[in-house]
Amino acid sequence: MTSQDVLKNASTLASYNVLLQVMFRVLTFLLNAFTLRFVSKELIGVVNVRLTLLYSTLVFLSREAFRRACLSSSAGTKHNWRRTINLLWLTLPLGALWGVLLVTVWLWLLEVPDPKVIPFYGPAVVLFALAGVQELLAEPLWVLAQAHMFVKLKVVAESLAMLAKCCMTVMLVVFAREWGLYIFSLAHLVYTGVLVWCYALYFLRYLPSKEAAESNFPLRNIGDLMPHTANGEPLLDWTVARLTWSFFKQSFLKQILTEGERYVMTFLNVLSFGDQGVYDIINNLGSMVARFIFLPIEESFYIFFAKVLERGRDVKSQKKEDVGVAADVLQCLLKLVLVIGLIIAVFGYAYSRLALDIYGGSLLSSGEGPALLRCYSFYVLLLAVNGVTECFVFAAMSQEEVDKYNLVMLALSASFLFLSYMLTWWAGGVGFILANSLNMALRIMHSILYIRRYFASSPWKPLQGLLPSPLLCLVLIVSAVVTVLSEAVFCCDGGWFLRLVHISVGALCLLFVLGAILITETQLTVFVRTQLMPQYRKKHI
């Protein structure tokens, strides 16, 4: 498979992932807006912060290292799939071990909510852990699907699972509100169960098919999906296993950086359960674009970079064509996420209060809610740039460099926890966002230095993607001033007519911004049309 083929497949995967995440976030957005009318903010705080942290910690620490190692170039294209499947099944006992440990901590070491306000906390903890272990049953199938670019499978499976979860939640909230945390625990079990069944049924149909035989798929029957060995060969691919161990050590630190504010809230009790609920709702709103646009791009193009570049080798020792394609794609991705992040930062500041008032009423738009969302709008810009830079860095680093970076992550994790604790006492929920921003900026600086060294001896300068055109900068500055003035004059206590005027001002400014992008960022617009828009790309293949 050539680098252009890999780029085409990665772009398709990114496009479908973006559509999938859009649907996820829209459904979650509507679901949260619905449940806000029926359950307390304390209950939402426990579910969305403490129980979700339990689930995400279990799943991330059990599978993230295996995913990165098995999808990397040195281990993902030429290795023995039988031994890789054996390695991937280790996620299940590892998940069970993490489940027992985390349930013990969540039940006996953390503060237990008042059962009169938040009933059924103990069973909910166990059920969320079971949901995480259940999802790990599909891990070998997920890696197979990603490695072979089964782009539609992930979309269909996760769409059906999310739809089932939403239906279950709505039904139980309406008809069994007294069940408390059981509502969200059972809904999450349904989600992971449907996800596992979708992957299992797909491969049960695909493996014996003529399509699999014609495509030389490495597995032939259902038995090949089970852990086993043959002809006296080693049980595991130890090269992949060592790389997995390197990523596993790093996964602890990355998880702390990713979910750091939830750990601080959960273990240090700096916010009440009600305040945690409000913060988490605004955090989810602020991260919607980051999750449904930036994360799918990061995941999909990590696969592209990992397949095109040879891990641990410098530019001169690799194919010039492959390095050139990787550099061009990196430059376009950096420009894409930078432009999107700047737009969010500019318009998010002037429209945060209005968005929260429409979404949750005075519960969210009063107090520090608008300030939280405004700060998050600027944080999204850093989040976007870091996702793409680290996506490239992790695909290009050697195992030794990954191990060294673990020390950097350790220092960042320690500083983040300290900053989160101190800044939260000083500024409340805003302190979490400030601490995240500082740590994200440091991670970006490290990645930029690595990328600069990586391409130093080559004619390519992908970091130029971080330099927007002067015209675009000017239009963004003018738009920021105009929308802030519009908010002061028209929003948000003068009724819906003045709100619509404020929205119209923002829409007009956004049109000028998009026009400036089309005029000055021609390379970016061509990349988006040809690589990230499936319908357009099909016409040009």
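About the thresholds
Residues numbered from 1 in each chain as written. Predicted model: local features only at pLDDT ≥ 70, side-chain atom pairs only at ≥ 80, totals over all residues. Heavy atoms only, no water. Helix = DSSP H or I, 4+ residues; strand = E, 2+ residues; numbered from the N terminus. Rg over C-alpha atoms; globule rule 2.2 N^0.38 Å. Buried < 20%, exposed > 50% of the residue type's maximum accessible area, 1.4 Å probe, protein only. Contact = heavy atoms within 4.5 Å. Areas by Shrake-Rupley, 256 points an atom, 1.4 Å probe, with all protein chains shown as cover. Lys, Arg positive; Asp, Glu negative; His and termini not counted. Charge placed at Lys NZ, Arg CZ, Asp CG, Glu CD. Axes fitted to C-alpha atoms, helices over the stretch in contact; angles between N-to-C directions. Parallel < 35°, antiparallel > 145°, perpendicular 65-115°, else oblique. Left-handed = near helix turned anticlockwise from the far one by under 90°. Nonpolar A, V, L, I, M, F, W, Y, C, P; charged D, E, K, R; others polar. Disulfide = S-S within 2.5 Å. Core = buried A, V, L, I, M, F, W, Y, C linked by side-chain atoms within 4.5 Å. Patch = residues over 30% accessible without salt bridge, like charges linked within 9 Å, V, L, I, M, F, W, Y side chains within 5 Å. Salt bridge = Lys/Arg side-chain N within 4 Å of Asp/Glu carboxyl O. Phe/Tyr/Trp six-rings, centres within 6.5 Å; stacked < 30°, edge-to-face > 60°. Arc of directions from axis to C-beta. Expected span 1.5 Å × (residues − 1). pLDDT = per-residue confidence, 0-100.

Participant: Let's hear about the overall build of the chain: which residues, and what values?
Facilitator: Scanning the chain from N- to C-terminus turns up 23 helices and zero strands. A compact globule built from 541 residues should have a C-alpha radius of gyration of about 24 Å, and the chain, at 24 Å, falls within 12% of that. Across the 541 residues of the chain, 57% fall into the buried class. Taking as baseline every contact in the chain between residues at least 6 positions apart, the subset at least 24 positions apart corresponds to 83%. Accessible surface, the chain as shown: approximately 23,100 Å² in total, 68% of it carbon and sulfur. When the 43 basic and 34 acidic side-chain charges of the chain are each reduced to a single mean position, those positions are 5 Å apart.

Participant: Quick one: what's the story with the environment of Gln 464, residue by residue and with numbers?
Facilitator: Within the secondary structure, Gln 464 is located in the loop between helix H19 (429–454) and helix H20 (470–490). We classify Gln 464 as partly exposed; its relative accessible area is 45%. Note: C-alpha distance between Gln 464 and Leu 330 (134 residues apart in sequence) is 9.8 Å.

Participant: I'd like to hear about the environment of His 446, residue by residue, with values.
Facilitator: Locating His 446 in the fold gives a position in helix H19. On the accessibility criterion, His 446 (24% relative accessible area) is partly exposed. Not counting residues up to four positions away in its chain, the partners in contact with His 446 are Met 397, Tyr 405 and Val 408.

Participant: Quick one: what's the story with the packing of helix H2 (residues 41–71) against helix H5 (residues 91–108), residue by residue and with numbers?
Facilitator: With their axes 9 Å apart at the nearest point, H2 and H5 run at an angle of 150° to one another. In terms of axis orientation, H2 runs roughly antiparallel to H5. At the point where H2 passes H5, the crossing takes the right-handed sense. The segment H2 lies against H5, with Arg 50, Leu 53, Leu 54, Thr 57, Leu 58, Leu 61, Ser 62, Arg 63 and Phe 66 engaging Thr 91, Leu 94, Gly 95, Trp 98, Gly 99, Leu 102, Val 103 and Trp 106. Its residues placed into classes, the contact of H2 with H5 shows 10 nonpolar, five polar and two charged.

Participant: Can you lay out the state of the cysteines for me, pointing to particular residues and giving the numbers?
Facilitator: Counted according to the given criterion, the structure contains zero disulfides. There is no disulfide at Cys 391, and the cysteine sulfur nearest it, in Cys 332, is 14 Å away.

Participant: Can you explain the nonpolar core? Please cite residues and give values.
Facilitator: Judged by nonpolar contacts, the single largest core of 175 residues is most densely connected at Tyr 199, Phe 203, Phe 305 and Phe 455. If you tally residues by element for this core, the top one is helix H15 (residues 320–360), at 23 residues. The contacts of Tyr 199, once residues within four sequence positions are left out, are Ala 138, Leu 141, Trp 142, Ala 145, Leu 153, Lys 154 and Ala 157.

Participant: Outline the side chain of Asn 436, listing residues and values.
Facilitator: Residue position: Asn 436 is located in helix H19. Setting aside chain neighbours within four positions, we find Asn 436 in contact with Leu 257, Glu 261, Tyr 379 and Phe 416.

Participant: Quick one: what's the story with a nonpolar patch on the surface, residue by residue and with numbers?
Facilitator: Among the surface-exposed residues, Phe 267, Leu 268, Phe 418, Tyr 421, Met 422 and Trp 425 lie close enough to one another that they form a single nonpolar patch of about 640 Å² accessible area. Within the residue set of the nonpolar patch, elements represented by two or more residues are helix H12 (260–268) and helix H18 (399–427). No other element matches H18, which puts four residues into the nonpolar patch. For Leu 268, the position within the fold is in helix H12.

Participant: Help me get a handle on the packing of aromatic side chains, residues and values and all.
Facilitator: Across all of its chains, the model carries 18 aromatic pairs by this definition. Summarising the aromatic geometry, the rings of Phe 301 and Phe 527 are spaced 6.5 Å apart at their centres and angled 40° between planes, so their arrangement reads as tilted. Separated by 226 residues along the polypeptide, Phe 301 in helix H14 (residues 288–308) and Phe 527 in helix H22 (residues 522–531) bring together distant segments of the chain. Each member of the pair Phe 301 and Phe 527 is classed as buried. Ring centres of Tyr 450 and Tyr 454 lie 6.1 Å apart, and the angle between their planes is 25°; this geometry places the pair in the stacked category. Taken together, the positions of Tyr 450 and Tyr 454, both in helix H19 and four residues apart, correspond to about one turn of that helix.

Participant: Give a description of the pattern of salt bridges that names residues and reports values.
Facilitator: For the structure on display, the rule yields 10 salt bridges. Arg 443 is the partner of Glu 390 in a salt bridge, and the nearest nitrogen-oxygen pair spans 2.8 Å. One end of the pair, Glu 390, is in helix H17 (residues 369–396); the other, Arg 443, is in helix H19, and 53 residues separate them in sequence. Among the residues examined, Glu 390 registers a relative accessible area of 2% and is labelled buried. The class of Arg 443 is buried, set by a relative accessible area of 5%. What you see here is one network of salt bridges that share partners, running through Arg 63, Arg 67, Glu 135 and Glu 139.

Participant: Just give me the short version of H22, but keep the residues and values in it.
Facilitator: Listed as buried for H22 are Leu 524, Thr 525, Phe 527 and Gln 531. The buried residues of H22 all sit within an arc of 165° when viewed along its axis, so they share a single face.

Participant: Tell me about helix H13 (residues 273–286), residues and numbers included.
Facilitator: Its 14 residues give H13 an end-to-end C-alpha distance of 20 Å, which sits within 8% of 20 Å, the value for a rise of 1.5 Å per residue. Most of H13 is tucked away, with 13 of its 14 residues classed as buried.

Participant: So, the confidence of the model for the chain: which residues are in play, and what are the values?
Facilitator: This prediction gives the chain a mean pLDDT of 83; 91% of its residues lie at or above 70. Here helix H3 (residues 73–76) stands out as the element of the chain with the lowest mean pLDDT, 41, in contrast to helix H6 (residues 121–135), whose mean of 95 is the highest. Across residues 73–77 the pLDDT falls below 50, and counting only partners more than four positions away or on other chains, this stretch makes 13 contacts in the model. For residues 535–541, every residue scores under 50 in pLDDT, and the model assigns this stretch 11 contacts once sequence neighbours within four places are set aside.

Participant: Residues and numbers for the environment of Gly 348, please.
Facilitator: Turning to its location among the elements, Gly 348 is positioned in helix H15. In this structure Gly 348 comes out as buried when scored by relative accessible area, which is 16%. In this structure the C-alpha to C-alpha distance between Gly 348 and Ala 480, which are 132 residues apart in sequence, comes to 9.5 Å. Setting aside residues up to four positions removed in sequence, Gly 348 forms contacts with Ile 343, Arg 374 and Ser 377.

Participant: Describe the packing of helix H7 (residues 139–147) against helix H9 (residues 181–206), listing the residues and the values that go with them.
Facilitator: The contact between H7 and H9 brings their axes to 9 Å, and the two run at 60°. Seen from above, H7 lies across H9 with left-handed handedness. Within the contact between the two elements, H7 uses Leu 141, Trp 142, Leu 144 and Ala 145 and H9 uses Tyr 199, Ala 200 and Phe 203. Within the contact of H7 with H9, the residues separate by chemical class into seven nonpolar, no polar and no charged.

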